[in-house]
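Summary of structural features
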Amino acid sequence: RLRCTRNLIHCNLFVSFILRGVSLLTRDALLTHSMLQRDGDFDSLLRERTLVGCRVAQTITLYCAAANYYWLLVEGLYLHNLLVVLSFCEESVLPRYMLLGWGAPVLFVVPWVLVRQLYENTECWERNDIRSHWWIIRSPILLAVLINFIIFIRIIRILLLKLRANQMRRSDRKYRLAKSTLTLIPLLGIHEAVFNLIPEESARGGFRYSKLGVEVLLSSFQGLLVAVLYCFCNKEVQAELRRKLQGSLGAGTVPCASRPLCAPPGRPRPAEDLMSDSSEATPPAAWTSQH
């Protein structure tokens, strides 16, 4: 009953968070195992197999992390198109979103693997001594973060204009704008844009470790925040869980959206539709007005 383009995008984002976390834990475990074998008295064949497994895990980790960033970008593009594009067919663009989220990282992870194999085939590929090689991975991720930040600014501007048009009191307008902004930050990964303003190479000493600690902390809780805000706090999800608990499977279905998934071509969607129904998770204001 909750199956629609919006929720499918959310589900893929959740999967990317899960894969990113699992791959990081797996990579760290293999990296520790590789270091222990390196210090011990093992034959060269066993060490080589361990290194190969560790490098594969490192590659998968980078792919999962990149896919997570690009699914955050998909969320931003979906929000932007929903608000700006007059004739926007959600179902027709879903394959493109899937291709962008899961396919785009392959375009720069695979070249990075080839470059590391040919020119920097050292240890478990966990160190990036040659910075130019690391930029093969870093540049596309920074581009995704930058695009999402621009989309975030545009969405906040559109939301502010809508709140002014509704002639709300200034205090109510500020409250709704602040609440919408705070709930969009984890969904679009805006904190990444703030941290990337300060390159890792320029940070030194205690400031570098403080920056790294805060960045890792926020990144670790980002998936949890997104899941709580856009899944467990969603009224549609709560209604479904309530229905399951009550065992009333024959009850009426909960519509996924009050407007059609694909608006008729040439017919602009009223902007009020995006703001009116607080029981839906329609972005951005209605997604955030219920929390």
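Residues numbered from 1 in each chain as written. Predicted model: local features only at pLDDT ≥ 70, side-chain atom pairs only at ≥ 80, totals over all residues. Heavy atoms only, no water.

Looking up the protein in an unreviewed UniProt entry gives the name G-protein coupled receptors family 2 profile 2 domain-containing protein, with the organism given as Hymenochirus boettgeri. Its UniProt record gives the protein the following Subcellular location (unreviewed entry) comment, quoted word for word: "Membrane". (UniProt positions renumbered as here; feature names shortened; annotations may be inferred.)

Okay, helix H3 (residues 90-103) next. Here H3 spans 19 Å end to end across 14 residues, near enough to the 20 Å set by a 1.5 Å rise per residue. The principal kink in H3, of about 25°, is found at Arg-96. Taken together, the buried positions of H3 are Glu-90, Val-93, Leu-94, Tyr-97 and Gly-101. (Helix = DSSP H or I, 4+ residues; strand = E, 2+ residues; numbered from the N terminus. Expected span 1.5 Å × (residues − 1). Bend = angle between axes of the 7 residues up to and from the residue. Buried < 20%, exposed > 50% of the residue type's maximum accessible area, 1.4 Å probe, protein only.)

In the numbering used here, UniProt assigns the "signal peptide" (unreviewed entry) feature to residues 1-24. This span, residues 1-24, is 83% helix and 0% strand, and a straight line between its end C-alpha atoms measures 34 Å.

Right, let's get into the pattern of salt bridges. Using the criterion set out here, one finds 5 salt bridges in the structure. A salt bridge links Arg-116 to Glu-120; its shortest N-O distance comes to 3.6 Å. Each member of the pair, Arg-116 together with Glu-120, is buried. Among the ionic pairs, Asp-129 bridges to Arg-127, the shortest N-O distance being 3.1 Å. Assigned by exposure class, Asp-129 and Arg-127 land together as exposed. (Salt bridge = Lys/Arg side-chain N within 4 Å of Asp/Glu carboxyl O.)

Here the focus is the nonpolar core. Ile-9, Leu-13, Leu-184, Leu-187 and Val-226 are the most contacted members of the largest nonpolar core, which has 27 residues in total. Elements with a minimum of two residues in this core: helix H1 (5-39), helix H2 (44-84), H3, helix H5 (131-165), helix H6 (170-188) and helix H8 (205-232). The next biggest cluster of nonpolar side chains, apart from the first, holds 16 residues, and it includes Leu-73, Val-109, Ile-137 and Ala-193. (Core = buried A, V, L, I, M, F, W, Y, C linked by side-chain atoms within 4.5 Å.)

You can see Arg-27 is positioned in helix H1. Overall, the relative accessible area of 15% leaves Arg-27 in the buried class. Ignoring any residue separated from it by four or fewer positions in sequence, one finds Arg-27 in contact with Ala-57, Gln-58 and Thr-61. (Contact = heavy atoms within 4.5 Å.)

Look at the UniProt record and you will see "transmembrane region" (unreviewed entry) annotated at residues 96-115, 135-156 and 216-233. Annotated as 90% helix and 0% strand, the span residues 96-115 places its first and last C-alpha atoms 28 Å apart. The distance from the first to the last C-alpha atom of residues 216-233 is 25 Å, and the span holds 94% helix and 0% strand.

Scanning the model with the defined rule gives 1 disulfide in all. Each disulfide pairs two cysteine sulfurs, and for Cys-54 the partner residue is Cys-124, the sulfurs being separated by 1.6 Å. Disulfide Cys-54-Cys-124: the torsion about the S-S bond is -115°, which places it as left-handed. Of this pair, Cys-54 sits in helix H2 while Cys-124 sits in the loop between helix H4 (106-119) and H5, and the two are 70 residues apart along the sequence. Take Cys-54 and Cys-124: they sit in the same class, and that class is buried. Here Cys-231 is not cross-linked by a disulfide; its sulfur's nearest cysteine counterpart is in Cys-11, at 7.4 Å. Note on Cys-233: no disulfide assigned, nearest cysteine sulfur contributed by Cys-231 at a separation of 9.2 Å. (Disulfide = S-S within 2.5 Å.)

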